[in-house]
Structures are given as structure tokens and as C-alpha cells.
2 protein chains.
Amino acid sequence: MAKKTAAPKTPGEMVQYSVSPAGEEFEIPRPQQYAAELRRVARRAKKAREEGKEVVVVMGVGFVGAVMAAIVADTEDKDGKPTKFVIGCQRPSTRSYWKIPLLNRGESPVRAEDPEVDAMIERCVVKKKSLVATYNSDCLKLADCVVVDVQCDYTKHELGNMVTGEAEMAALEATMRTIGEKIPKKCLTLIETTVAPGTTEFVAWPILKKAFAERGIKAAPLLAHSFERVMPGREYVASIRDFWRVCAGCNAEARRRVERFLRQVLNTVDYPLTVMDRPIESETTKIVENSYRATILAFLNEWSLFAERNGVDLIKVIKAIKMRPTHSNIIFPGPGIGGYCLPKDGGLGYWAYRHILGFEDGDSVFKITPGVIDINDTRGLHVAELTRDALRNMGRYIAGAEVLLCGASYRQDVGDTRYSGSEMVLRKLTEMGTDVRVHDPYVEHWYELEKQDVYPAPGHSWARFFHNQEGLVDTRVGSDLKAAIKGAEAVIFAVPHEPYLNLQPKDIVKWAGGPLAVIDCFGILSDDAIRRYFELGCEVKALGRGHIQRIKDEVRKKASK
Amino acid sequence: MAKKTAAPKTPGEMVQYSVSPAGEEFEIPRPQQYAAELRRVARRAKKAREEGKEVVVVMGVGFVGAVMAAIVADTEDKDGKPTKFVIGCQRPSTRSYWKIPLLNRGESPVRAEDPEVDAMIERCVVKKKSLVATYNSDCLKLADCVVVDVQCDYTKHELGNMVTGEAEMAALEATMRTIGEKIPKKCLTLIETTVAPGTTEFVAWPILKKAFAERGIKAAPLLAHSFERVMPGREYVASIRDFWRVCAGCNAEARRRVERFLRQVLNTVDYPLTVMDRPIESETTKIVENSYRATILAFLNEWSLFAERNGVDLIKVIKAIKMRPTHSNIIFPGPGIGGYCLPKDGGLGYWAYRHILGFEDGDSVFKITPGVIDINDTRGLHVAELTRDALRNMGRYIAGAEVLLCGASYRQDVGDTRYSGSEMVLRKLTEMGTDVRVHDPYVEHWYELEKQDVYPAPGHSWARFFHNQEGLVDTRVGSDLKAAIKGAEAVIFAVPHEPYLNLQPKDIVKWAGGPLAVIDCFGILSDDAIRRYFELGCEVKALGRGHIQRIKDEVRKKASK
């Protein structure tokens, strides 16, 4: 049940609420509350400064910002004394405001598999009192340093056509304007968001300069860039704090300041800091490294099809290749490459080349990066083909079939569903008239399925998906596999979550109530398991595993003797 | 001076010679010599078998075969007793015959930077007497095992258009026919050549089966595939013997035999052997791993151009990315990706899909692999553009300019010039009317420049290159840098050979006789060196290093004060 946190109301006033994922409602602050809120935060900041602490404002307390704010707030000198006072700042929108009161209670606004997240936030807010959250951006006036963690998305307008998309610069530009209007002139602003190369120097810096000029400040604003390399999962905090960082400043003073700041708050002793000459080099590093990863994954799509059609088990091929230390990062792509970064970062680079840096020959220069993202974005569609074919081999139709999709997240053993390959599988199956149920041990609610503006395939509108969604697609995700699979005609193992790795074929068939089609998207099934499924009368298909037909032939040959 | 190894001649007989790289002439054997040659080898084989040794014939004693033959011949049991007798077999063509007498003297027919090659061949031939070479393929009748190391090239007909090329199957097919006609029925044939996937099972096996049928042999020929992963350089022998192997057999007995053989001759204890289900899986593994590497390298071409045009030093970006263990194999591509394998293996895979495996949709399936090879093959052309622009900035023309190309080989600190990026640089510069001289500390003679059938760029015939070659291009390579650079208007550092890494700008300018254009293709120049070149009045350009303009501006600004 939802709890309400009430505040005195003026009669007739329109009251808006922001609802947390747990269902708790928080009233959006009204204009008359802002001044008191600033006084509250300013008092805390004044006290902190008197104790010799630096005041750091983190703009955006989402997936990265909330944890970064806590890491900074957790900073201590060699005597164990906190050296930073952190103010997490978030716009009071109905979508995001709830994060502020939650944080101020010492609760994490992000759900993470890493137990250190909750512990660190509670420690900093409740015990150390080095972390506070506010919706009032006037807190920027108090800052010695601002860390910008607002999102910069890349919106695609058509499935499999990355180049027609665009970088979403508005939120970042608005934040930079606010910062320019409010920060003290010697405050360092550090953009931590992954941005289109050139953004820091050619978009953000001019905004700050203009705001300073309007305020009559002659000094150049101190602006720097340093991207995070956060990885969802059990090492969430370490992936920010105990990991190699790259940074650069717009001028020598900004460079000096950002280097000092990062050396204070991160573990740069064990994970050396790289200081680059210009922000565009830092920005490009992030885009190139994620495009590299996206390329490595997309490369295998064609060999996955090659393998399926020619009796080759690509899983074994990859295992053999991984023996070479120089090739150990080759990785099977599963049903598509998701997560927040890999599907978009190459787009930010391509878009920057054309629109920030002004070149007209983007399509003749970028021969790999855009195509790679298109391949990764559409790879999941082939899973629906395999499901259709497996059902057909059993004399059934995909239309109207009861299909269980196991795994909604983008990666094994995390609950992050952003841009997951499974989403594309589900959308296409639903378009084909399938009744899809979803199971995932790490996901309670699949928010992405509620988005109405998801880019469609050319010639598609996803209309049927959204129509079906009303009744057939449940955005709630089941966690009881035995119950979820009951009556299913097909099961798709889309993510190699730990609980899926050692399931017994005989249990699956028993729970389902009879033989069913089994689709393996991630090399989850051993050859023995595949053999047993065939022996139990099931049909098996798998991404990149052409040797399955050979196992089927062997089972049939044996049975016919 | 060439020595002659004479043999008695019939009056009026046409005598042909095969000339070794050192200039020694060997008379090609005449038909009447074959019987005696077989008796010589058979006597040795008989004795070896009496001593309990297995007789292994290695077909092709080129780059891989000669060293593989020695590794097998070097095999000992746990008491240090040799267990294999190896016959290296090579066709007595004018191009290759010289390898046979050289090997029989205990001299390596391949020049390698690895001192173990010469020592091991001498040891096996002279001391252990476990290795002999012959031109008579009737030695196959003596074999317990045949290792096939003949080449399977991929010929491209047009520069930057890999898909119109073709696999050169003729030599392998002819070898398989000869093997099928001569081997004992229980002999294991092991194809070690990198081949188009499907070759072992769908091309070679049918040839052997047909030959066996013609000989009235009912048993299935024992055929297997196991590719080498040889790497030119100082670890040449180790890259064959002490490295992870993959193998597969056409049937269960062939698989058992190839596994046993490889466990005997290679270090499979420290480098575990992977046994796959079918040869097409082993063949595909090699093609995928080399295409992976080619993709990793080609990916950076577009970011290299991006960097050059936007003030980014891609060398520093790569260094920052390499900090991540999962990205540590990212590597700057230099002026193109050469060597024997990477420019062709993806071609073999693409060609196999269409022509051995019979699919018509190759171009819609293979979206990355073909383009990657085209990018790598043409990357060197841009170096000529940079040279042109650097000379123009100095008020000079590229046409008629004296240019020194430093580095002819495909990789640092090796002398292997096959498909090197430098070759493309030289060809384009020559087409543009440049007088190119070449320096390389590891290369004496650049054989590839003598080939007349090199695929041209569309719209090019390389005519001017071949015309110029008569007089202007010297296929001999200089080793005295001071002499080579005298009077040069531009120097191109194309390969990061050790002697090029710490050259002093003031020496280069002094030796050249004045300021010159300096082109860095491999991140060889430090920022300090670049600065000093500018201070000395030189012009500097570099692949992927856009920050050079900033250094130039700084030097000019300082000079104008």
C-alpha cells in the first residue's frame, strides 16, 4: 500500500504527486517551499565548510549520479575525517521527485545488485551526514564543485537505422544554463555524462561563458569532462570508484582542478588516472571504447547465421578462440546488445561528427560504427524466426501460441532492462500474434514495455504490440518459473541468468505439461541437455548453434532402431 | 656470387635452375633421377620404422611447413629418443626447388627472426637425422601421417573490393589428389593450411574418397583439420609448438588419430588442445578469429579520420582505453593491416559461404567481414594524401619529390613484407610521380614489388608504378638510414621498428640536408619530437593524430613573440 507524505495545502491548490517504484507517493513541492528548502541546505553547507569540507553539488541523482554523490560524500582524509559535503540535486518532476525524499531518509533511489550501494548511501546520509538531497537548484550557489550527471540520450526514429537519430541535448543544455546562472565563479563544473564529442568545449562551455558574461564575470568558467565506466551488477560501486578514469579540462586551471578532485574521491592509486589534453579527447575515448565493444559483438552476428546454417556450434568456436589471450574478449552476442550505453554511444559519435563538428561526409567516413548498432538493435528479431520455425516443426503456429520468455534484462544476473535484446524478441513475437509471458528472477516490472514512443521497424508501427499490451502483454514479470511455464508451447531462454543454467529438461517438460519448443539465445543448453530435449519430443533451436540438427538426427536414428 | 651445384647432363638436354634467396643455383632434377631419390628416402624411412619411429610426410616446406616439419622431427619420447621420422616434400619448381637441397644440408629455407628455427632444423637434419627433404611425392607411399602445408591464397581482382575475389583451391586440390593416389589406406592426412570452411569435408575428403575408390580401397580415408596460429617474429617456433591448437576429424577414427598426433608433437600440456566435432568447426574457428582481429583493426580507421580532423590524438585515446582489461587488445592500425593471414582469411570465409556451402545471400549476411578487409587494404592510400598535404604546406609538390619510406614489412621488428601497408603507400606515391626510396632494418629485398599481377585500384592500372619500377623504384632496401635519407624532402615512418623509435629530429634534419616533411603512420613520434620538428622548420602529419595542429600553432605563436 502507498504511504502519503502530506504537507499543508492552500485551499483549492492543485496538488501533484511523484510515486516511487515501491508505490509511495510524495507531494511535489510548491513554489512557497523553495526558500525554506534552500535555507535548510545552506545551513548544512555552511556548517560543512566551517569544518573544512568542500561543497560538491551532483546534478541528477539517477543511475550514476546517486552512487557518485555517495562516493564523493564517503571521501575521507587520511585521518578518517570526511572532506566533502555533497548536495544531490534533482528537478522536482512527477517522474523523478521521489528520489529526493528517499535519499534524505538514507535510502537509495536506485535498485542495485551491489549491497554496497544501500550501505554507503545510508552511512553518508544518516551517520556521516555528508550527503543531502534537494530539488532546489539554487544550491548551486553554494558549490565549490558541480558534477553533472544528467542524461544525454540518443533517440532513434526507425529500427535498424541509427543514422537518422539524434542526440538529446536539451536536458544537458538546460542544466548548463542553470549552472552558469548560479555557480560561484571559481566553481569547477565536471561533466560526467557520456556526451557527443565536442559537447563540453563547443556546447557546454559557450553556455557557461555567456551566462558568466551576463553576470559580469570576466573569468573563464572552469569546465572539465570525465566519463564514468559504471557497470550494473554486484560491483556497481567499485565500477565507479575503483576503476580507471579519464579526464580533461577546457583550460589549464580546469584540468588542474578536475585532476585534484578525482584523485581525492576515486581510487586513483590502484587505478591510475589518465589526464588528456582536451575534453574532446576524453569524450571520444568513451565513445570509441563503447563502439569498440559494440563492434566486437556485432561482428559475430554474421558468423552466428553462418554457424546456424552450416552445422557449426559458434559457442564452441568462441570457446576455442578465447584460449588466445589476445582474443579473450570475444563474446557471444545473445539476442541483441542492450544496456544504456552500447546501443547509443556510437550514435552520439556519428551525430557529433555531423552536427557539432560540422562535417558533411559522415556516411563515407563511418563505415562500421552505425552499421554495428543497427545489427545489434535488430538481432533479437531473428529469435522470433527461430521460435516460429521450432513451433512449425512441431506442427504448431506461432500465432496464438503461448510462449514463455525467460529473461527480460540486458545482461545476466542484473535487473536492468534498458534496451534489452529480449524487448525486441517480445515486440516481434507479439506483432506475430503470440501470447508472450515473461519470467525474470531479477526484474519485477518491465518499464520499457510501457513506452509508447519506441521506434518501430520500417513498415511496422508496433500497433499490434500496443493493442495487445492492453490485454495480453503483462508488464509485470513473474518470478516463479514452474508457474510461469505451465501450458507454454515454447520457452525462450534469452538471458543466461544463473537460475537458468542448470534446469533439467525433464522438469521443464513436466512443468509445461508436455513437449514444447525450446529456444536457446545464449549457448545456455549443453549438448546433453539438447539431446534430452529431443528425446522428450521437444524441438530445439538456438542462435548460432548449427550442430543442433546433427544431435536431432542422432536421436532420431537411435529411436528408429 | 652464386654457387652452382652441378649434376651430370645428357648432351643437348634443357637444364633448369632454381635460385635460392642467397643467389645459389640448384639444378632442377630430371625424370631419370626420381627413382634413385625415392630409394634414398625409402631406405631412411625403413630404418626409422625399424627403430620404432612413425613416418610423417609434410607436404610443402614453406613458411609454416618447414618449421612444422622440424617440430615434428624434434619430437622425443620421455627417454629423449626421437619418435618421428619426417620427410619434407616440395614440388621441384624453379620457384621452390632450392628449399629441398638447403633443408637436406640442415639449413632453414625460411629466414626467421627466431634463432630457434635454424638451430632446430640443423639439429634434426644433421644430429638426430630425423628430418629429410625430397621433391619426389612418391614418398607419400611411406607415410603413417601426412601434414598438408600447401598454400590456399585468396586472390583479389580489385583494390577495396574483396567480394569479387576467389579462393585459390588448385594447389590444395592437386595435393589432395596426389595424396589420395599414394598414401597407405590407414595413413592419417592432416590439413594444416587455413582453408575456406567446408574445404576439408566437402572438397578434400571427396577427392581422397574417389582416389581410394579407384585404387579399390573400401575404407574411408582418414582426414583431419588443425590450423596453425604461427606468428612471424622472435617467437616463431613457440607460436607453432607452444600455443593452443584446435583440431577435428572427418570421422571418429580420424579425430582419434589427429588428437593423438598433436598431443605427441605439440606442447598440449601447457597449451590445451581443443577437439571439435567437425572439421568445418575447426576451419571456421581460424577464419572467425582472424576476421575478429581484422575487424578490431578496421574499426579504428573511421575514428582515426575523426581524430585527425578534430584535434584528437587517437594514440592517447587508445592508451586510455587499453587500461580496461576487457579492451586491452585494441590496437592502432598503422598504415594498413598486412601479413599473410588477416587480409585474406575473411575472404576465404565469405567465398566458402557462397561457393562451397552454396548460399546466394552472402552480401546480406556478411555485413562486416568483407568491408573490414576493404578498409584495411586501402588504409595506406591516405598516407600518400598526408604526404602530399605536408609537402604542399612546405610549398612543394608531391610529383617528383624525393621521399624516403621507412619500414617495408607488415609489422614491427619482422622482415615479413607480405601485404604490408607500406606497399600500398609506395604504390600510390609512385602513381603520383614521387621518387620513393625504401629503408628497413629487417628487409633486404622487397619481393612483393616485383609481382606484376597485383590487383589495382578501380580506375588504376598501377601502370605508372610498373613503368617507374624499371628505373625509379629499387626493390632492394637500404639499411643505412643516414645514407638513405640524404636529400629526402619527406620521410614516412610506416612501421614502428625499434630503430625508428628514438630518432632525434635534429639528426634527421641534418642527415636530410634541411627541413623536410615528416609523416608518422604509427604513433611513433612523441609530442616533444613533433614540437622539435616544427621548431626545425619541418612539417608533420600523422595518421589519427589531430593534436599535431595544436602543437604547430603553439610553436608558431612562441616564434612570433
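Preceding block: the structure.
To start, this report covers the structure provided alongside it. (Residues numbered from 1 in each chain as written. Chains lettered and ligands numbered in written order. Predicted model: local features only at pLDDT ≥ 70, side-chain atom pairs only at ≥ 80, totals over all residues. Heavy atoms only, no water.)

**Considerations on the sheet that holds strand E14 (residues 402-406) of chain A**
All names here are of chain A.
Link 1 in the chain: The five strands lie next to each other as E15-E14-E16-E17-E18, forming an open sheet whose pairing is parallel. Two strands close off the open sheet at either side, each with one partner strand: strand E15 (435-439) and strand E18 (539-542). With direction set aside, neighbouring strand axes in the sheet form an average angle of 20°.
Link 2 in the chain: When E14 meets E15, the two strands line up parallel, connected through five bridges. The residue of E15 that forms the bridge with Cys 406 is His 439. (Pairing = 2+ DSSP bridges. Helix = DSSP H or I, 4+ residues; strand = E, 2+ residues; numbered from the N terminus. Axes fitted to C-alpha atoms, helices over the stretch in contact; angles between N-to-C directions.)

**Thoughts on the sheet that holds strand E5 (residues 84-89) of chain A**
Two pairing modes exist for strands in a sheet, parallel and antiparallel, and in both the strands are linked by backbone hydrogen bonds.
All names here are of chain A.
Link 1 in the chain: Taken in spatial order, the eight strands make up an open sheet running E6-E5-E4-E7-E10-E11-E12-E13, and their pairing is mixed. In this open sheet, the two edge strands, each paired with only one partner strand, are strand E6 (131-134) and strand E13 (274-275).
Link 2 in the chain: Sheet topology places strand E10 (residues 188-191) next to strand E11 (residues 222-225); four bridges connect them, and they run parallel. Note on E11: the bridge partner recorded for Leu 190 is Ala 224.
Link 3 in the chain: Helix-sheet contacts for helix H1 (residues 34-50) involve strand E4 (54-59), E5 and E6, and the interaxial angle to E6 is about 155°. (Contact = heavy atoms within 4.5 Å.)

**Section: the interface of chain A and chain B**
Link 1 in the chain: Each partner contributes to the interface: chain A provides 61 residues, whereas chain B provides 61 residues.
Link 2 in the chain: Summing both partners gives a buried area of about 5,800 Å² for chain A against chain B, and 69% of it is carried by carbon and sulfur.
Link 3 in the chain: For the salt bridge of Lys 316 of chain B with Asp 277 of chain A, the shortest nitrogen-to-oxygen distance reads 3.4 Å.
Link 4 in the chain: Summed over the shared surface of chain A and chain B, the number is 29 residue pairs in polar contact (both at pLDDT 80 or more).
Link 5 in the chain: The set of elements that each furnish at least two residues to the side of chain A that touches chain B consists of helix H9 (279-309), helix H10 (314-322), helix H11 (345-356) and helix H13 (369-378) of chain A.
Link 6 in the chain: A total of 20 residues in the side of chain A that touches chain B trace back to one element, the largest contributor, which is H9 of chain A.
Link 7 in the chain: Here the side of chain A that touches chain B is composed, by residue class, of 33 nonpolar, 13 polar and 15 charged. (Buried area = accessible area lost by both parts, 1.4 Å probe. Salt bridge = Lys/Arg side-chain N within 4 Å of Asp/Glu carboxyl O. Polar contact = N/O pair within 3.5 Å; in protein donor to acceptor, adjacent residues only side chain to side chain. Nonpolar A, V, L, I, M, F, W, Y, C, P; charged D, E, K, R; others polar.)

**Points about the pairing of strand E17 (residues 517-520) of chain B**
Residues and elements named next belong to chain B.
Link 1 in the chain: Covered by surrounding structure in E17 are Ala 517 and Ile 519 together with Val 518 and Asp 520, the residues of both alternating faces.
Link 2 in the chain: Crossover connection from strand E16 (residues 490-493) via helix H18 (residues 505-512) to parallel E17: handedness right-handed.
Link 3 in the chain: In this sheet, strand E18 (residues 539-542) lies alongside E17 in parallel orientation, the contact comprising four bridges. Bridge pairing in E18 places Val 518 opposite Val 540.
Link 4 in the chain: After leaving E17, the chain enters helix H19 (residues 527-535) and then returns to the sheet as E18, a path that is right-handed. (Buried < 20%, exposed > 50% of the residue type's maximum accessible area, 1.4 Å probe, protein only. Right-handed = clockwise from strand over helix to strand, strands pointing away.)

**Quick word on the pattern of salt bridges**
Proximity of charged atoms lets side chains of opposite charge pair with each other.
Link 1 in the chain: On inspection of all chains with the given rule, the structure shows 84 salt bridges over all chains.
Link 2 in the chain: Salt-bridge contacts for Arg 30 of chain A lead to Glu 27 of chain A; the nearest nitrogen and oxygen are separated by 3.3 Å. Summarising the burial analysis for this pair, Arg 30 of chain A and Glu 27 of chain A share the class buried.
Link 3 in the chain: One salt bridge connects Glu 51 of chain B with Lys 47 of chain B, and the closest N-O pair in it is separated by 3.1 Å.
Link 4 in the chain: The exposed category is assigned to Lys 47 of chain B, whose relative accessible area is 52%.
Link 5 in the chain: Each of Asp 277 of chain A together with Asp 313, Lys 316, Asp 520, Asp 527, Arg 545 and Arg 550 of chain B takes part in salt bridges that share partners, so that together they form one network.

**What about the packing of aromatic side chains?**
Residues and elements named next belong to chain A.
Link 1 in the chain: Scanning the entire structure with this criterion turns up 30 aromatic pairs over all chains.
Link 2 in the chain: Both rings, one in Tyr 34 and one in Tyr 135, keep their centres 4.8 Å apart while their planes meet at 75°; by these two values the pair is edge-to-face. Residue Tyr 34 is found in helix H1, and its partner Tyr 135 is found in the loop between E6 and strand E7 (145-148); the two are separated by 101 residues along the sequence.
Link 3 in the chain: Since its relative accessible area comes to 27%, Tyr 34 is described here as partly exposed.
Link 4 in the chain: In this structure Tyr 135 comes out as buried when scored by relative accessible area, which is 7%.
Link 5 in the chain: Ring geometry for Tyr 350 versus Phe 366: centroids 6.1 Å apart, planes at 75°, classification edge-to-face. (Phe/Tyr/Trp six-rings, centres within 6.5 Å; stacked < 30°, edge-to-face > 60°.)

**Notes on the pairing of E6 of chain A**
Residue and element names in this part refer to chain A.
Link 1 in the chain: The two faces of E6 match: Leu 131 and Ala 133 on one face and Val 132 and Thr 134 on the other face are all buried.
Link 2 in the chain: Sheet topology places E5 next to E6; four bridges connect them, and they run parallel. Bridge pairing in E6 places Cys 89 opposite Thr 134.

**Remarks on the environment of Ala 484 of chain A**
Residues and elements named next belong to chain A.
Link 1 in the chain: Here Ala 484 lies in helix H17 (residues 481-484).
Link 2 in the chain: Exposure remark for Ala 484: the relative accessible area of 14% places this residue in the buried category.
Link 3 in the chain: Beyond its immediate chain neighbours, meaning those up to four positions away, Ala 484 contacts Leu 404, Arg 437 and His 439.

**A short note on the packing of helix H6 (residues 199-214) of chain B against helix H9 (residues 279-309) of chain B**
Residue and element names in this part refer to chain B.
Link 1 in the chain: The geometry of H6 relative to H9 is characterised by a closest axis approach of 8 Å and an angle of 120° between their N-to-C directions. One element, H6, and the other, H9, form an angle in the oblique class. Contact with H6, carried on its side by Thr 199, Thr 200, Glu 201 and Phe 202, involves Pro 279, Ile 280 and Glu 283 of H9 and no other residues of that element.
Link 2 in the chain: In terms of residue class, the contact of H6 with H9 is made up of three nonpolar, two polar and two charged. (Parallel < 35°, antiparallel > 145°, perpendicular 65-115°, else oblique.)

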